[in-house]
Amino acid sequence: MFKKINKIFILTLLLIFILNNFAFATIGIEDEVSAYLIGDYETGEILEEYNIYKPVEIASITKLMSYAIVMEAIDRGDISLKDKVYIDEDVVKIKGSSLNLKLGDIFTVEELIKASIVISANDATYALAKYVAGNEDKFVDKMNEKAEKLHLESAVFFNSTGLPKGDFQNIMSPLDIFNLSRYLMESYPELLTLTTIPYLEMDNGEKEENTNPLLGEIKEVDGLKTGFTNKAGYCLVSTLKKEPNTPNEKEFRLIAIAMGTESEDKRKEISEKLVQYALDNYSKKTIVDINTATDIVHLPKARKKDVEVYPIKNFSTIVKNSDDIGIDIAIDEKLKFPIKADEKVGTAIISKNGKVLEEIDLVVHEKIKKESIFSFIIRTIKEWRRHFSFG
């Protein structure tokens, strides 16, 4: 049987305004995109969304899946980063964004991966597909098989690059793009080393810049992939890491996806607005900490009446400025004395906007003895006298 003691910590919008100086009220980009999404990398929680379940053309975002297939081949030992790849006639014919490969050129797998990710080179990606699987069709089979294994139910791939193939284009829902991005960042964290490369230096001395328009513009952004075809519009998957601003905050990662903008300039503008909204409106808060008392509870039968209680584990969560975080403290009414140090005495029930997030056991850090009969009598007499004297 529990006695419920409510202790609600409200994170009001006004308070966060004071702490963070300024935050957007709404994103307001729905009329300028086909879809958008902001999600927590660690948990997969979707924080903001618009039209995220409908499959859309993904253009060169396709190369994220191509990267996965190439890296799996490396993991298996089928190929290595240092392998040399001969550039044949088929590769030279590939259109669109390009490393300008020439017949007879020889590049390492590592160099081709960099070109595929950093400057979205279609010829480099196609060369990798042929090298891994023998031909692109077999490579695409692997892409679709991998999508099925990852439960990316909306994903359909026709080629390795994201280029149109006749009337067909690779498609995926923004939600599945988010899940694929999470998978890659967890499985291959070195991907973010590639996506932060600002440019590639070509043989002729010219520099081909990273296609990500937010790289270097917003310091928190470190990835991930652009895309464009006429059907897809201009798209961007952004990854960002936010550092803590206050002692009770923690570092965390977000993924922000903007699909179907009308131009390169709009892609940058809209993606910047989306990312900035995420940075201004979300933080990762420490809600309870094992070294900090969650509450001081009153135990009427104990010798020491007011006792600090502590959670048995830390708990942090992503919080929006307008979220209400609540902690309900429930203390067991049938506690048996003496209570040992680190013995459970109750539960902290943590909620966000009325929804329970976690239930964590509460313990005491000291031995709590029961009040003796003699002490109870003396205390009762004192309380009676005090009451009588005031009466």
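Our subject is the structure that appears above.
On a predicted model such as this, the values are computed, not experimentally measured, just so you know.

If you look at the biggest cluster of nonpolar residues, it comprises 67 residues, and the most contacted ones within it are L99 and I113. Here this core takes 9 residues from helix α2 (residues 63-76), the largest share from any one element. Leaving out residues up to four positions away in the same chain, L99 has contacts with F107, L112, A115, I119, A121, D123, A124 and M202. Core analysis: the next-biggest nonpolar cluster, separate from the first, contains 23 residues, V33, L240, L254 and I318 among them.

What follows is about the packing of aromatic side chains. Aromatic ring pairs are described here by two measures, namely the spacing of the ring centres and the angle between the planes. Within the structure shown, the criterion is met by 4 aromatic pairs. Arranged with centres 4.1 Å apart and planes meeting at 20 degrees, the rings of F228 and Y234 form a pair that is stacked. By relative accessible area, Y234 is classed as buried at 18%.

Here we come to the sheet that holds strand β13 (residues 252-261). With respect to topology, 5 strands assemble into an open sheet ordered β3-β2-β13-β11-β10, the strand pairing being antiparallel. The open sheet has two free edges, formed respectively by β3 (46-50) and β10 (221-229), since each of these has just one partner strand. When the angles between neighbouring strand axes are averaged without regard to direction, this sheet yields 5 degrees. Strand contacts of helix α9 (residues 264-281): β2 (35-40), β3, β10, β11 (233-242) and β13, with the helix running at about 150 degrees to β13, the strand carrying the most contacts.

Moving on to the sheet that holds strand β12 (residues 249-250). Judged by pairing direction, the sheet is antiparallel, and its 3 strands sit side by side in the order β12-β14-β17 without closing on themselves. Two strands lie at the open edges of the sheet, namely β12 and β17 (315-320), each paired on one side alone. Relative to β17, strand β14 (residues 282-288) runs antiparallel, the two sharing 6 bridges. In the sheet register, K285 faces β17, and the bridge partner there is T317.

This paragraph deals with the pattern of salt bridges. With the rule as written, the count across this model stands at 18 salt bridges. Here E217 makes a salt bridge to K268, at a shortest N to O gap of 3.8 Å. Taken as a pair, E217 in the loop between β9 (207-209) and β10 and K268 in helix α9 lie far apart in primary sequence, 51 residues in all. A salt bridge links E220 to K219, with the shortest nitrogen-to-oxygen separation between them at 3.1 Å. For E220, a relative accessible area of 19% puts it in the buried group.

Definitions and cut-offs
- Residue positions are given per chain, counting from 1 as you read along its sequence in written order.
- The model is predicted, so local features are restricted to residues of pLDDT at least 70 and side-chain atom pairs to those at 80 or more, both for listing and for counting; the totals for chains, interfaces and linings are taken over all residues.
- In computing side-chain values, all of the structure's heavy atoms are included and hydrogens and water are not.
- To form a nonpolar core, buried Ala, Val, Leu, Ile, Met, Phe, Trp, Tyr and Cys residues must be joined to one another through side-chain atoms within 4.5 Å.
- To sort residues, take the accessible area from a 1.4 Å probe on protein chains only and compare it with the maximum for the residue type: under 20% means buried, over 50% means exposed, and anything in between is partly exposed.
- Helix numbering and strand numbering both begin at the N terminus, where a helix is a DSSP run of H or I of at least 4 residues and a strand a DSSP run of E of at least 2.
- We call two residues contacting when some pair of their heavy atoms lies within 4.5 Å.
- Within 6.5 Å between ring centres, the rings of Phe, Tyr and Trp (the latter by its six-membered ring) count as paired, and their orientation is classed by plane angle as stacked under 30 degrees, edge-to-face over 60, tilted in between.
- Strands are labelled as partners when DSSP assigns at least two bridges between them.
- In this analysis, axes come from line fits to C-alpha atoms, helices being fitted only over the stretch in contact, and the angle between any two N-to-C directions falls in the range 0 to 180 degrees.
- Think of a salt bridge as a Lys or Arg side-chain nitrogen and an Asp or Glu carboxyl oxygen that are within 4 Å of each other.

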